[in-house]
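A structural walkthrough
Chain by chain, the residues:
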Amino acid sequence: RKAFFLAREADVPSSAARAAIAMTTAVVGDHGQALLEWTRHAWVEIERGPEDREAAIEVAVTYAYGRSVVFDDEQTADALELATAVVGDVQPGDGAFVAFQLLKLASAWRQMDQPEAALWWAQRAGTLLDGVAAPDHPLYADVEEEIGRSLYLLDRCDEAMGHVDRALASYLRLGDPESLTQAALIREVSAECLHQMGRLEEAIAEYAHVLTWSESEPEITVPKLWAHLERARMMVALGRKADAEVEYEQALAIVDDRATEHWMRRRAREELAALRGEDDDQGRGSRESQHEDEHD
């Protein structure tokens, strides 16, 4: 915020625009109001200053990405189309910064359940990076991850696995906390693909890595809960009933008593009751809304 007002006082619109768009992520927890407000400030600065293609791309893409996370409406689709128009054709001066913006655009399309568009933008980011960066550039890990996730959503796990494996190897090589988090999250895609391909023991092992990582991130509960649920289901399929019960119990212990109706907790309770041959009246009463909860 201070940078924005300093840049305005100094009459440096491109810096003011970048500060404004940074504010949209700094205060993302307010359910989108700051996204709208600070994006308007950013566009005002873009329009009153000299042409700055990278700043315009950053504003348009960040707004589209932010909307895809916070909203799911026609205006978000319009924002994605605007970002596409602003990006346009790759320019000779485009470098890794623009490739990063293309990856954000790919992620935004994926958030909007458009994996085909996400795949196209991720591949375009990779092509741009090939021409401007060294082979070990850290952004390649994000390219591989985005391509892998998009292929997975397109039910093309046989193609996705190579990209997922390369993303995982790159994140582990980088080794910083953010990269290790990304490594754990991409393992979920690997596990789900292995599950689809019938390689259950390997999938169970991949989820074990997610659980090991989650021990250092106790505030992040959803990946841990999902890992226990998926491991339990695969153990049931393998006839390992006792092991599955342990996984279900661990899943139930994650969500605290104030969130007893969290859909994943409810699902774990129902599936554990079914495994034990017990009735779960509360669980049966919730099944009608289960599909809608999962979508949310």
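With a phi angle near 60°, D11 is a residue other than glycine that sits in the positive phi range. Examined against the element boundaries, D11 turns out to sit in the loop between α1 (2–9) and α2 (13–26). Although it is not a glycine, D113 adopts a positive phi angle of roughly 60°. Among the secondary structure elements, D113 is positioned in the loop between α6 (96–111) and α7 (115–132).

Let us now look at the state of the cysteines. Here is the idea: a disulfide is a covalent bond, and it sits between the sulfur atoms of two cysteines. Applying the stated criterion to the full structure yields one disulfide. The disulfide that involves C157 links it to C193, with 2.2 Å between the sulfurs. Note on the C157 and C193 pair: the S-S dihedral is about -80°, so by sign convention the disulfide is left-handed. Pair noted here: C157 is in helix α9 (residues 157–174) and C193 is in helix α10 (residues 177–196), with a separation of 36 residues, a long-range link.

So, on to the packing of aromatic side chains. According to the stated counting rule, one finds four aromatic pairs in the structure shown. Considering the side-chain rings of F4 and W38, the 5.1 Å spacing of their centres and the 85° angle between planes classify their relative orientation as edge-to-face. Of this pair, F4 sits in helix α1 while W38 sits in helix α3 (residues 33–48); the two residues are 34 residues apart in sequence, bridging distant segments of the chain. No difference in accessibility class separates F4 from W38, as the two residues are buried. Aromatic rings pair up to connect F4, F5 and W38 into one cluster.

What counts and what doesn't
- Residues numbered from 1 in each chain as written.
- Predicted model: local features only at pLDDT ≥ 70, side-chain atom pairs only at ≥ 80, totals over all residues.
- Heavy atoms only, no water.
- Helix = DSSP H or I, 4+ residues; strand = E, 2+ residues; numbered from the N terminus.
- Disulfide = S-S within 2.5 Å.
- Phe/Tyr/Trp six-rings, centres within 6.5 Å; stacked < 30°, edge-to-face > 60°.
- Buried < 20%, exposed > 50% of the residue type's maximum accessible area, 1.4 Å probe, protein only.

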